[in-house]
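Examination of the molecular architecture
Residues per chain are reported as follows:
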Amino acid sequence: MSAAPALPEKPKGKRPIGWIIAAAVVVVAIVVAVIVGAVRSGSSDGAAPGAGSGSPKTVTIGVADKSLSYWATYTKLAKEKLNVTVKLTNFSDYSLPNPALKDGTLDINQFQHIQYLADYNVTAGDSLQPIGSTAVYPLPLYSTKYHKTSALPSGAKVAVPNDAINEARALLILQAAKLVTLKDGGSAFATTDDIVTHKVDVQPLDASQTANALQQGSVDAAVVNNNFATAAGLPISDAIYQDDPASASAAPYVNVFAVRKADKDNTTYLALAKLFQDSSVQKVFKKDLPQAVSRNVSASTLQSELAKVEQDAKAAKKA
C-alpha cells in the first residue's frame, strides 16, 4: 500500500488571502472616517475652512484707506488669531468696490455706510449684505480761507461730493449750517434740485476731487470725506462744520463690512468683521482717525437697518 502524498508545506512569510482582504477593508474604513471627519470639521457652514484651524485661507478685502496703520494691525491679527491671510485691495473710486464684490474679485469690502449700500443695491438690483460695523465718520465742511460758516460770503463756491448718498448728506450739512434750505426740509436722498434758497453756490464734484478743489483755491469751502481729507493732509482744525456721528440719526451712516448675500453666514467672513472690534485694532484705528466714532453693531441689526433704508431709497426713486 503506497503512502499518501505529503501535504505541501505552508509558504514561509505569507498570509492567507482572507486575512489580507480583511486588513484591506479595515484600512479603507479608517481612511474614509478620517476624510469624512476632516470635511465635517472644516466646512460646517458650507464655507471654506479658515478661521482658527486647518490650512490658511486667503481673503481679499476691498478698502479705500489701505495706507492707514490700523490695517497693518488688522491683517497681522487675522493671521495670528484666525489663520487667515488678508489681501487688501485699495480703491480711490467709490463706484468700483461693490461691482468688484459682486463679480467675485473681492470676498468682502469695507468702505461704505449703510445708506450708500442701500442706494447701490436698489440702483444695481443687487443684494449685498452688511456683516459687521466699523464706525460713523463725521462728514466735515472744510475751508482754508474762513474759520466759521457765517464768514462765508454770499455766492461763495462750496464743493460737495456728487455721488447720490454723500451729496444728500452734504446738502443736509449745508442746511444745518444755514447755507442752503432744501425742499420739505430735505431727505437722505436729496439732490441739488431740492435746493430752494441758497447763500452759497453749491458745486457737485467727484468725492475724490473735493479736497483738491479746496487746496487749489477753486472753491471757498468743501465737504470732504474722511479718507480723502486724510490723504490730502487736511487737518480737522480746518473743518468749520460737521454732522454729529454719535446721534441716533447717524444709524444709516454706520460704515460696514459687506459681502455677497450668499456669504452673509460665512463663519470666516463673520470672524474677520468681528476682528475689527479687537482692542489692538481699535487703539490704532482711533489714533489714525480720531474724529471717527466706533460702532459695534450686530449683523442682524445692520441687515434690518439696510432693509429699512432700501425701502426709503425705492420710494425716493419713484418720486
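Note that the structure is a prediction, hence the values are computed from the model and not measured. (Residues numbered from 1 in each chain as written. Predicted model: local features only at pLDDT ≥ 70, side-chain atom pairs only at ≥ 80, totals over all residues. Heavy atoms only, no water.)

**With respect to the sheet that holds strand β1 (residues 57-63)**
Judged by pairing direction, the sheet is mixed, and its 6 strands sit side by side in the order β2-β1-β3-β12-β4-β13 without closing on themselves. Only two strands of the sheet have a single neighbouring strand rather than two, namely β2 (84-90) and β13 (293-294). Bridging between β1 and β2 involves 7 bridges; their strand directions are parallel. Counterpart to Thr60 in the pairing with β2 is Lys87. Along the sheet, helix α8 (residues 267-275) makes contact with β1, β2, β3 (108-113), β4 (129-136) and β12 (254-259), crossing β1 at roughly 55°. Sitting on the sheet, helix α10 (residues 299-318) is in contact with β4 and β12, with an inclination near 95° to β4. (Pairing = 2+ DSSP bridges. Helix = DSSP H or I, 4+ residues; strand = E, 2+ residues; numbered from the N terminus. Contact = heavy atoms within 4.5 Å. Axes fitted to C-alpha atoms, helices over the stretch in contact; angles between N-to-C directions.)

**What about the confidence of the model for the chain?**
Per-residue confidence for the chain averages 85 on the pLDDT scale, and 82% of its residues sit at or above 70. Residue range residues 1-53 is modelled with pLDDT below 50. Its contacts to residues more than four positions away, or to other chains, number 27 contacts. (pLDDT = per-residue confidence, 0-100.)

**Re the side chain of Thr60**
As for its placement among the helices and strands, Thr60 is situated in strand β1. Of the residues examined, Thr60 reaches a relative accessible area of 12% and is grouped as buried. When neighbours within four sequence positions are excluded, Thr60 is seen to be in contact with Lys87, Thr89, Thr105, Leu106, Asp107 and Ile108. (Buried < 20%, exposed > 50% of the residue type's maximum accessible area, 1.4 Å probe, protein only.)

**With respect to the environment of Ser143**
With respect to the helices and strands, the residue Ser143 is situated in the loop between β5 (140-142) and β6 (157-161). The buried category is assigned to Ser143, whose relative accessible area is 3%. When the C-alpha atoms of Ser143 and Leu214 are compared, they prove to be 7.2 Å apart, with 71 residues separating the residues in sequence. Residues within four places of Ser143 in sequence aside, it is in contact with Leu214, Asp220, Ala221, Asp238 and Ile240. Within the structure, the side chain of Ser143 is placed 3.2 Å from the backbone nitrogen of Lys145, a separation counted as a polar contact. (Polar contact = N/O pair within 3.5 Å; in protein donor to acceptor, adjacent residues only side chain to side chain.)

**Topic: unusual backbone geometry**
The general pattern is negative phi for most residues beyond glycine and trans for most peptide bonds. Backbone geometry places Lys178, a non-glycine residue, at a positive phi of 65°. Its location among the elements puts Lys178 in the loop between α5 (164-176) and β7 (180-182). Lys178 gets classed as exposed once you look at its relative accessible area, which sits at 72%. Non-glycine residue Asp184 carries a positive phi angle of around 55°.

**Overview of the packing of aromatic side chains**
For the coordinates displayed, the defined rule picks out 12 aromatic pairs. Between Trp71 and Tyr74, the aromatic rings sit 5.2 Å apart at their centres with planes inclined by 85°, giving edge-to-face as the arrangement. With Trp71 and Tyr74 both in helix α2 (residues 69-82) and 3 residues apart, this pair spans about one turn of that helix. We note that Trp71, like Tyr74, is buried. Ring geometry for Tyr74 versus Phe257: centroids 6.3 Å apart, planes at 20°, classification stacked. (Phe/Tyr/Trp six-rings, centres within 6.5 Å; stacked < 30°, edge-to-face > 60°.)

**Concerning the sheet that holds β5**
Pairing between the strands of a sheet comes from backbone hydrogen bonds, and it takes one of two forms, parallel or antiparallel. Strand order in the open sheet made by the 5 strands is β9-β6-β10-β5-β11, with mixed pairing throughout. Each having just a single partner strand, β9 (201-205) and β11 (239-242) make up the two edges of the open sheet. Averaged over all pairs of adjacent strands, the angle between strand axes in this sheet comes to 25°, irrespective of strand direction. The pairing of β5 with β11 spans 3 bridges and is classified as antiparallel. Residue Pro140 lies in a different strand from β11, and its bridge partner there is Gln242. Seen against the sheet, α5 touches β5, β6, β9, β10 (221-223) and β11 and runs at an angle of roughly 140° to β6.

**Comments concerning α5**
Owing to its 3.6 residues per turn, the α-helix aligns residues three or four sequence positions apart on the same side. Helix length check: α5 (13 residues) gives 19 Å between terminal C-alpha atoms against 18 Å at 1.5 Å per residue, within 8%. Within α5, burial applies to Ile165, Asn166, Glu167, Ala168, Arg169, Ala170, Leu171, Ile173 and Leu174. Immediately beyond the C-terminal end of α5, within one or two residues, lies Lys178, with a positive phi of roughly 65°. (Expected span 1.5 Å × (residues − 1).)

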